[in-house]
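If you want the building blocks of each chain, they are given just below.
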Amino acid sequence: MRLLGALSASAALLAFLCPSLVRATKKPAVNIKEFDHIPQSYFYFEDSPVILSLEQETGILWRSDNDGEKWSKVDDIPEKKALDIYVHPFDPKAAFLLTKGKTQYVTNDQGKSWKTFETELAPSLKRNPLSFHSQKKDYIIYTGMECTQDPIWGIWLCDEYTYHTKNGFEKSPEKLVDRRTHGCMFAWSTDLFDQSDKDTILCITDGASSDPEARILLVSNDFFKNSKEPKLDGFREMTGLTGLAAVKRFIVAAVKSPNTDEMALFVSDDAENWDRAEFPSEHGGLKQDAYTILESTSHSIEVDVLITTGSNPIGSLFTSNSNGTYFTKNIDYTNRDQYGVVDFEQVAGINGIVLVNIVDNAEDILQSRGSKDIEKKIKSKISFDGGRTFKSLKAGDDELHVHSVTDVHNGGRVFSSPAPGILMAVGNTGKYLKHYEDGDLYVSDDAGLTWKKALNDAHRYEFGDSGSILVAAFDEGRTNKIKYSLNHGKDWEDVDLKKEVRVLALTTVPDSTTTKFTLIAQSKDDKGYVIALNFDGVFERQCKKDDDEKKSDFEKWYARLDENEKPDCLMGYKQFYYRRKKDADCYVGGDYKEPQAQEEICDCTDEDYECDFEFADKEGNGKCVLIGKLPIPAGACKKKGDKFKGSSGYRLIPGNKCKKKDNKKDEPIERDCDEEAVVTPPSDGKIKSTTKSFDAGGFVEYYYLERARSAEGKDETIVMRTDKNHIYITYDQGATWEMPKELKDEEITAIYPNPYNNDMVFFLTPGKKFYYTFDRGKTIQSGEALEPPTRRDDISLAVRFHPTKSDRIMWIADRFCTDPNQKDCHAAAYHTLDRGANWKMLNPYVRNCAWIHSKDLPNTPENLIFCEKYEKEERPGDDNPIKLVSSDDYFEKESKHFDRIMGFATMEEFIVVAAVKDDGTLKLDASIDGKTFADARFPHNFQVDKQQAYTVLDSVTHAIFLHVTVNPMRGSEYGAIIKSNADGVSYVLSLANVNRNEAGYVDFEKMQGLEGVAIVNVVMNVDETNKGAKKKLKSMITHNDGGAWSYLSPPEKDAEGKGYGCDIKDLDKCSLNLHGYTERKDPRDTFSSGSAIGLMIGVGNVGEYLTGKSDGNTYLTRDGGITWKEIKKGSYMWEYGDQGSIIVIVDENEPTDKVYYSLDEGGHWQEFKFGDKMKVEDITTIPSDTSRRFLLWGNPVGKGEKAITVQIDFSGLTTQQCEVNESDDKESDFELWEPRHPNLESEHACLFGHRVKYYRKKPDRNCFVGPKGHNPVETEACPCNTHDYECDFNYERGHDGRCYLIKGLTPPNHKEECAKNKTLVEWYEATGYRRIRLTKCTGGKELDKSEPKMCPGHEKEFNERHGVSGWAVFFGVVFALGGAAAVGYYVWNRWNGKFGAIRLGEDSSSGGQSPLVRYPIIAVSALVAVAVAIPAIVQAIVGWVGSKLSRPKRFTTRGSFARGNYAVVSNDEGELLGSDDEDEV
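Residues numbered from 1 in each chain as written. Predicted model: local features only at pLDDT ≥ 70, side-chain atom pairs only at ≥ 80, totals over all residues. Heavy atoms only, no water.

The next subject is the state of the cysteines. Enumeration over the complete set of coordinates arrives at 13 disulfides. Here Cys543 is linked by a disulfide to Cys586, with a sulfur-sulfur distance of 1.9 Å. Its S-S torsion of approximately 100° makes the covalent link between Cys543 and Cys586 right-handed. Taken together, the residues span a long stretch of sequence, with Cys543 in the loop between β41 (528-534) and β42 (554-558) and Cys586 in the loop between β43 (573-580) and β44 (598-601) at a distance of 43 residues. Judged by its relative accessible area of 0%, Cys586 falls in the buried class. Across the disulfide, Cys817 is cross-linked to Cys825 (sulfur-sulfur distance 2.0 Å). Note on the Cys817 and Cys825 pair: the S-S dihedral is about 100°, so by sign convention the disulfide is right-handed. (Disulfide = S-S within 2.5 Å. Helix = DSSP H or I, 4+ residues; strand = E, 2+ residues; numbered from the N terminus. Buried < 20%, exposed > 50% of the residue type's maximum accessible area, 1.4 Å probe, protein only.)

Okay, structure coming up:
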């Protein structure tokens, strides 16, 4: 069927018409039908003269059953209700008219009659709301959408839900999936797919949360009574599904993980087994919103990939092998538009002929980073061998260039139709393609091999009667005639339309077999017309075929010719048609019967083969090389020197029909077991070390650019800057280093990795010039800002990256500062929307600006920016306070939130502001929407006379952990940790007297990989400390997110088997105490790792209090902090590798030439000497701790000013990868480990109301885990217990562990929640407890519940819940409380920097206060985020940024390498709000 999609008011047909749209007909029988408005949708039913036309504006549906000659209004459809018409692609009699409401219409007799069906939701506008089954025509999927408007920003938020029918909507569709969906389809969505169960359906749905990066793929064979997640990579289920498509006989799924724009494509031909599509390594992979799956063949997938940034897009065309897994490049520099539409067309009915347009001046555009100021110079190319080679189009001796899909004027295919070998196009000869109006109409009747000018000027065109009739309509203005040709465009005649109109569309039946055409046109007065053209009377006879070729009206026409113009083979056969001779005076006839291609089988040649499994054409030269492992026949390769029969590397392309005669390229060949690496060589059992020396005193900063989960490549990339301001890059984690040639002669003063995109790094110079890479340093380009980056001490970051849009960047610059003492010298913010190609002023006189929109604040405008701005546009001073302003239009308009602040911080869904009160003290405000702020209500049992400093510790559990300084005296700092409710406003006391240091860091650290576990150090001698005495610290741990704390249980014996000299049962006097955040050389070297579940390492001592670190020993726990073991005497730095199966420690204080390592989670330790002695400053590995390589950073002993790195590689220990055996625990290399709460009986020892088991390698197995892990197993929800609750506002815990109302205070009024949440049905009187948001417990001790009370306006729902049925009461309570926060996904997106501190308005290098600021300093300490339900084995970069240009030389390991979750110095990652400049008690 031909569908003409939406005609615009200006009478132009919308650019994209249905792929099977236009063809034309002939002759002087003209019928004109006038309409008030032009059609919105217009299509033929397949193999039928019936047309439906939906009128724009009025929504009136018209029907014609005689090719448009006569029309009748369809009375079954009410006016102004229709949204659009959808045809059934596999049922030529069915169509669906969907409305803007819930009543829809279906016809099963080509529009003669219509029936209604009801849907729960109006149809989706995000995607085609209907999906069809190719074999079962009554099986249809319907996607509906419900939308609400955000009351704060007015943004429409729409959710999709999917339904299905098995009866063609005889009844209302039933819900398919019980959660939000993001695209569903039948596996049998194309007529070529035939490998799965016929009822198989695939859906992208929400996963553990509504975050896009948590979306999953579900597959069901029984309409989702049961479903499963396929293991797309063959190893584990994937999150981050972004798209699903049916492509011929393939199903394609797209996946994007956090911290990259790169996407992974997974391909299946049975909806069960999937393979990742591999692209050439030099290409760099697919990018989000930067690839287009094109019309493909039955044996390959065609993909065009964007290669430019900016607004002048260009692509590269790739073609897959027959199973869709390996792609090779066909042609560079394809022309694309900004919507992803590509100038590409496969010629209809002929296998292997492809037309593309390329950009001849692509290099200039690439150099300009896609600037639209450079006009594309476009050329047209054609391939006759399936895209292997391309040549120019020729009109005589001249090159011809034609307008294609990006400038479409016809519906359907641009150049071709089922008419064999006849093509038409609008274009011009010369060097490049000119504007459409400068083009003429060209015709080819040999499938594009040669072209001739047919008509002057641009025309719309169509094909009829299988190519015997060509019709054209003038397309540069109004006309009163159309032209037609009966001899392949050689001669043309006119048909008078008797009316001057602007032709908007010219079409015919989809298969171009009839002699009837219709024109859609518009007159000068905007009247709409459908003009029917009937060419029945043009010919007097029907063509006849005769065995005598001279007598026959038909010729045998070969579809493809080689370079010698001989019939060419493709896929093992020559293709030919019998088509009407050009000058035959007859019509073909046979309405709705497409010409059928016939075949002549060819002998096999090299072109009939492709690379076999485990082989690929890596160089694009046709040679298949081994990229994996070959299966070894039984009994082969038993000893050195053996040989075996294995794949030649080639296989006949599936579907290829050639005859194997002399060319048998796929026959097995003899292969060498040793030399060809088909058998993995045995490991040598050795650890290797590699030392690299640098001409520098030390390393200033370095960052791991870890591969994200959806990215291709296995490199372990680090970018590093020495104290000489030289840049080095390694791709193998320090085995080799190189200095980028582009940066060799440049002084680089700072490195800025994008914390949201691991592939993107900016390199700053002292001036306006900067360098950048978008591909991990493989290519480095330069740019220029409007001003140099800021050097001000009170501004922490000069570059700010947008959290979701990599192209958008802010630049904080020093403006008018050639002389720093200039009166108007100030910091100004600039922004770019195209990665630095063009910069514009954002806001002058600022101290800090940050993007606000993120995946945690998705309902805020994408362009929302907050800035700390000086009240007066003049130099900072005592009388020039800082205000907080925002804008969502790049400060064309500005909103003020606070008159006077010390700073603001964003962390997850919270925006926290430290505002200055009139008396100079601070108050805290919070917002969860970026517009409305509320005063923080601190617990009444915790009040500070003068609030002076805050540290925002953590908020990943949907509540803010805030440290409020109580004593700010230098050297005596401590405060209390308070925890907020869900809106960040109401706080309860979690723990008092928690230690912090002068810089604002707090001894508080969440354990990665486990829910709700954290360790702190508390000050035990508060009274003495307030008088200036030295602090006495003691470590405490929580297993329920701060609800209750206890001392750490010490080990029974030390590393030498001796006792500790104290009673280990008396924890008040004898507990384990660990040195925490405030004492680390690098604050990001954390206790735990997200991939080493349950493991923590720390340095400390057993006793009453924490002693000096130099006197400390090193301790380890395997069970989340419940029990500990002393592993080494002395203070050591540590690192985890291979998901905890390797642990490496190194002396922290003294020069050394050795490390110690354990392969059994600390059970046993061995020594490895790596070379000469060095003073080790840090030990690192990739942030996810999944590598088997480690890197030591430091200085050699006695070798002058040198810096060295030493790589220690454990990969030689074993080549055996660990395997899970779910059916036999003894055979499995993994054990299931279940974390438990230490203070509960084992049968109730749940964490956060559920039991989760994690896969951990068995300590005694000699194998490696690798970068991919196994998802945890959630066994069951647990009954609620005391540990699932914390004290409510105005309550505190007594010595018996219960929550009591604080004397003199009143319980909180929970009825207020009804006003905040209009959907809430009921509320409860305060009981003293509130449910911890993380918990998933059900039933049991529901301590937060009392007698339910009705929320105003919900009487009906309340009564339904609390009627006779006890079940109604139960479900009502569950609904009212809501489920526990969905946190399982969150570890996947927490690897963008959550450690460190930021000082806003202070020189962080000196530790003192900036002379520019008198008020308390604001900084943020973002601590380790807790990994909730999934081990953090995701490969994602740490999100740190922030080497300030003015900092003195220092040792900075800002990439950190320990655990990955470092919040570096980045205000939008989490910050310390506070003061540390007061000495008074």
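It is worth spelling out the sheet that holds strand β91 (residues 1273-1277) at this point. The sheet built from three strands is open, its strands ordered β89-β90-β91 with antiparallel pairing. Strands at the two margins of the open sheet, each flanked by one partner only, are β89 (1230-1233) and β91. Adjacent strand axes in the sheet meet at a mean angle of 20°, parallel and antiparallel pairs treated alike. Bridge count between β89 and strand β90 (residues 1250-1257): four bridges; the pairing is antiparallel. The residue bridging Phe1230 from the neighbouring strand is Lys1257, located in β90. (Pairing = 2+ DSSP bridges. Axes fitted to C-alpha atoms, helices over the stretch in contact; angles between N-to-C directions.)

Mean pLDDT over the protein: 84, with 87% of residues reaching 70 or higher. A low-confidence stretch, residues 1-26 (pLDDT under 50), is modelled with 138 contacts involving residues beyond four sequence positions or located in other chains. Overall, residues 1364-1481 carries pLDDT values under 50, and its contacts beyond four positions in sequence, including any with other chains, amount to 506 contacts. (pLDDT = per-residue confidence, 0-100. Contact = heavy atoms within 4.5 Å.)

Ordered in space as β67-β68-β69-β70, the four strands form an open sheet in which the pairing is antiparallel. A single partner strand is all that each edge strand has here, and the edge strands are β67 (901-907) and β70 (934-935). Here six bridges tie strand β68 (residues 910-916) to strand β69 (residues 922-927), and the two strands are oriented antiparallel to one another. By the bridge assignment for β69, Val916 is matched with Leu922.

Take the side chain of Asp608 next. Inspection of the secondary structure puts Asp608 in the loop between β44 and β45 (609-611). What Asp608 contacts, discounting residues up to four positions off in sequence, is Met571, Gly572, Asp603, Arg651, Leu652, Ile653, Asn656 and Cys658.

Along the chain, Glu1347 falls in the loop between β96 (1329-1331) and β97 (1348-1350). With a relative accessible area of 57%, Glu1347 lands in the exposed category. In sequence terms Glu1347 and Trp1323 are 24 residues apart; their C-alpha atoms lie 8.6 Å from each other. Setting aside its immediate chain neighbours within four residues, Glu1347 contacts Trp1323, Tyr1324 and Glu1325.

Take the pattern of salt bridges next. Taken as a whole, this structure holds 74 salt bridges when the rule is applied. When the shortest N-O distance is used, the salt bridge between Asp666 and Lys660 registers 2.6 Å. A relative accessible area of 22% means that Asp666 is categorised as partly exposed. A salt bridge links Glu746 to Lys769; its shortest N-O distance comes to 3.6 Å. Of this pair, Glu746 sits in the loop between β54 (727-730) and β55 (750-753) while Lys769 sits in strand β57 (residues 769-773); the two residues are 23 residues apart in sequence, bridging distant segments of the chain. (Salt bridge = Lys/Arg side-chain N within 4 Å of Asp/Glu carboxyl O.)

What follows deals with the nonpolar core. Within the largest apolar cluster, 39 residues are counted, with the highest numbers of intra-cluster contacts made by Leu441, Trp451 and Trp492. When contributions to this core are tallied by element, the ones reaching two or more residues are β31 (391-395), β32 (398-402), β33 (423-429), β34 (440-444), β35 (452-455), β36 (459-464) and β37 (469-474). In terms of residues, this core owes the most to one element, β33, which gives four residues. Sequence-distant contacts of Trp451, that is, excluding residues within four places in its chain, are made with Leu355, Leu393, Lys394, Ala395, Gly396, Leu400, Leu423, Met424, Ala425, Tyr442, Val443 and Ser444. Of all hydrophobic cores here, the second largest spans 32 residues; its members include Ile1037, Trp1124, Tyr1136 and Trp1233. (Core = buried A, V, L, I, M, F, W, Y, C linked by side-chain atoms within 4.5 Å.)

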